[in-house]
Amino acid sequence: MGVNFRLPGPTPLPPAVLEAMQRPMIPHRGPALKSLYRSILLRLREIHRTDGDVFVWPASGSAGWEAAIVNLLSPGDPVLAVVTGDFGERFARVAEAFKLDVRRLDVEWGRAAEPEQIRAALAAHPDVKAVLLTHNETSTGVTNPLAETSAIVREHGALVVVDAVSSAGGLPLLTDEWGLDFVMSGSQKAWMCPPGLMIAAVGRRAWSAYETASYPRFFWDLESAREFAAEGMTPTTSPLTLLYALDAALDMILEEGVEETWQRHAELGEFTRTGVEGIGLELFADRRYASDTVTAIALPEYISAKSVLVLMRERHAIELQGGQGHLSDRMVRIGHMGWVTASDLEHVIEGLDDVASPLGIPRATGAASRTG
Ligand SMILES: *Cc1c(COP(=O)(O)O)cnc(C)c1O
């Protein structure tokens, strides 16, 4: 058996995706590319649950932060950055780098930004033009209540800008129904593709904001993405091999069913949490908002995440990830997004159960509480 690759991104590639990447090059302005890209965009709209635009760029997910800012805002615009972890922090940093007037709502890591906190922050900063949100905070294993939050932000009249990098394709994400204006993600998370594509959904209010946004832009220019997409193309040479991969992955998601895919993630999330707790380990996230694509385990103070990762790799051929930012050595994260089954996760729990004793992690009394 190969490696049980359980990072919260990049995620394992299904055989159909690997195979698709062997397709030969095609002219990037030719008919085959046009029908491929058109069909990819149609399926992405379906999975994003939007009738609005969706575009794809060759880039990593982080590019979505910059793309949102330069297309929807102008220097000095007041924005509210809701920071629930390391990715929210990075989004806020990008906003600062672009000289937006950044107001912050800082939420303790491991907790979600509750709708009432958002309401209070907007009352304190009534002039903000956009609210920068992280849907699923991969660094803490928390899914923020986006539907409720978005309703409050909309009522306030600000743009809803969403980092959905580790949720899109895996967690319910109802772009139109929830009123999300800009939703961006990256191919190497729940999309089951290699790193290298940034995907963004752009709603009607985002297009109005685009009209007055004054940042200089070239590569990320939405109008140029729209003009080329109308012809079935991307503005620059299309990342063909990655589009082949995405083509195969989207087929898999639609074959399983979008809602069925969400349901599978919900079940695997619960399965992982129950398993982790069953062997006496502690979840980092507030359980009410625990993520169904990534589970963060809070380690006892005297255990280093690095030692857990090494033992899991050497004894069980399981790849997990540590924490981020100041918690990098204090946390172990299990990715369960994209191409993943209950049996993959059962092996992770068994492996953790096995390495816990040599590391001196206190065990659940009578830890016969295996999942399964
Ligand atoms: C992974 C991730 C990113 C960054 O994506 P890159 O592809 O590494 O640029 C941003 N936000 C969230 C929530 C993520 O999980």
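Residues numbered from 1 in each chain as written. Predicted model: local features only at pLDDT ≥ 70, side-chain atom pairs only at ≥ 80, totals over all residues. Heavy atoms only, no water.

Every residue close to the ligand is listed here: Ser60, Gly61, Ser62, Trp65, Phe87, Asn136, Thr138, Asp163, Val165, Ser166, Gln188 and Lys189. In the model, a nitrogen atom of the ligand is placed 2.6 Å from a nitrogen or oxygen of the Asp163 side chain. Take Lys189: an N or O atom from its side chain is 2.7 Å from an oxygen atom of the ligand. Surface burial for the ligand is 90%, taken as the share of its 380 Å² of free accessible area covered by protein chains. Classifying every residue of the shell around the ligand by side-chain character gives 3 nonpolar, 7 polar and 2 charged. (Near = heavy atom within 4 Å. Polar contact = N/O pair within 3.5 Å; in protein donor to acceptor, adjacent residues only side chain to side chain. Areas by Shrake-Rupley, 256 points an atom, 1.4 Å probe, with all protein chains shown as cover. Nonpolar A, V, L, I, M, F, W, Y, C, P; charged D, E, K, R; others polar.)

With their axes 10 Å apart at the nearest point, helix α10 (residues 258-278) and helix α12 (residues 342-359) run at an angle of 15° to one another. It follows that α10 is roughly parallel to α12 by the angle criterion. Read as a crossing pair, α10 and α12 show a hand that is right-handed. Within the contact between the two elements, α10 uses Leu268, Phe271, Thr272, Gly275 and Val276 and α12 uses Ala342, Leu345, Glu346 and Ile349. Taken together, the residues of the contact of α10 with α12 break down into 6 nonpolar, 2 polar and 1 charged. (Axes fitted to C-alpha atoms, helices over the stretch in contact; angles between N-to-C directions. Helix = DSSP H or I, 4+ residues; strand = E, 2+ residues; numbered from the N terminus. Parallel < 35°, antiparallel > 145°, perpendicular 65-115°, else oblique. Left-handed = near helix turned anticlockwise from the far one by under 90°. Contact = heavy atoms within 4.5 Å.)

Ordered in space as β11-β12-β15-β14, the 4 strands form an open sheet in which the pairing is antiparallel. The sheet is open, and its two borders are formed by β11 (282-283) and β14 (321-322), each paired with just one other strand. Relative to strand β12 (residues 294-298), β11 runs antiparallel, the two being bridged by 2 bridges. Residue pairing for β12: Leu283 is matched across the bridge by Ile297. Strands in contact with α10 are β11, β12 and β15 (331-335); relative to β12, the strand with the most contacts, it is inclined by about 15°. (Pairing = 2+ DSSP bridges.)

This paragraph deals with the confidence of the model for the protein. Low-confidence regions, as indicated by low pLDDT, have predicted coordinates that should not be scrutinised in detail. For the protein, the average pLDDT comes to 96, and 97% of its residues sit at 70 or higher. Between the elements of the protein, mean pLDDT differs from a low of 94, seen in α12, to a high of 99, seen in strand β8 (residues 159-163). Low pLDDT, under 50, characterises residues 366-372; the stretch is placed with 12 contacts to residues that sit more than four places away or in other chains. (pLDDT = per-residue confidence, 0-100.)

Here we come to the domain arrangement of the protein. Parsing the protein into structural domains produces domain 1 (4-10 + 258-359) and domain 2 (15-255). Domain 1 and domain 2 are separated by 26 Å when their C-alpha centres are compared. Tallying the contact residues gives 28 residues for domain 1 and 34 residues for domain 2. Of all residues in domain 1, the largest losses of buried area upon contact with domain 2 belong to Trp262, Tyr289 and Gln324, amounting jointly to 29% of the total for that side. A salt bridge links Glu259 to Arg49, with the nearest nitrogen and oxygen atoms 3.4 Å apart. If you list the elements that add at least two residues to the side of domain 1 that touches domain 2, you get α10, β12 and β15. The element contributing the most residues to the side of domain 1 that touches domain 2 is α10, with 5 residues. Residues of the side of domain 1 that touches domain 2, tallied by class, amount to 14 nonpolar, 9 polar and 5 charged. (Domains from an automatic or database assignment. Buried area = accessible area lost by both parts, 1.4 Å probe. Salt bridge = Lys/Arg side-chain N within 4 Å of Asp/Glu carboxyl O.)

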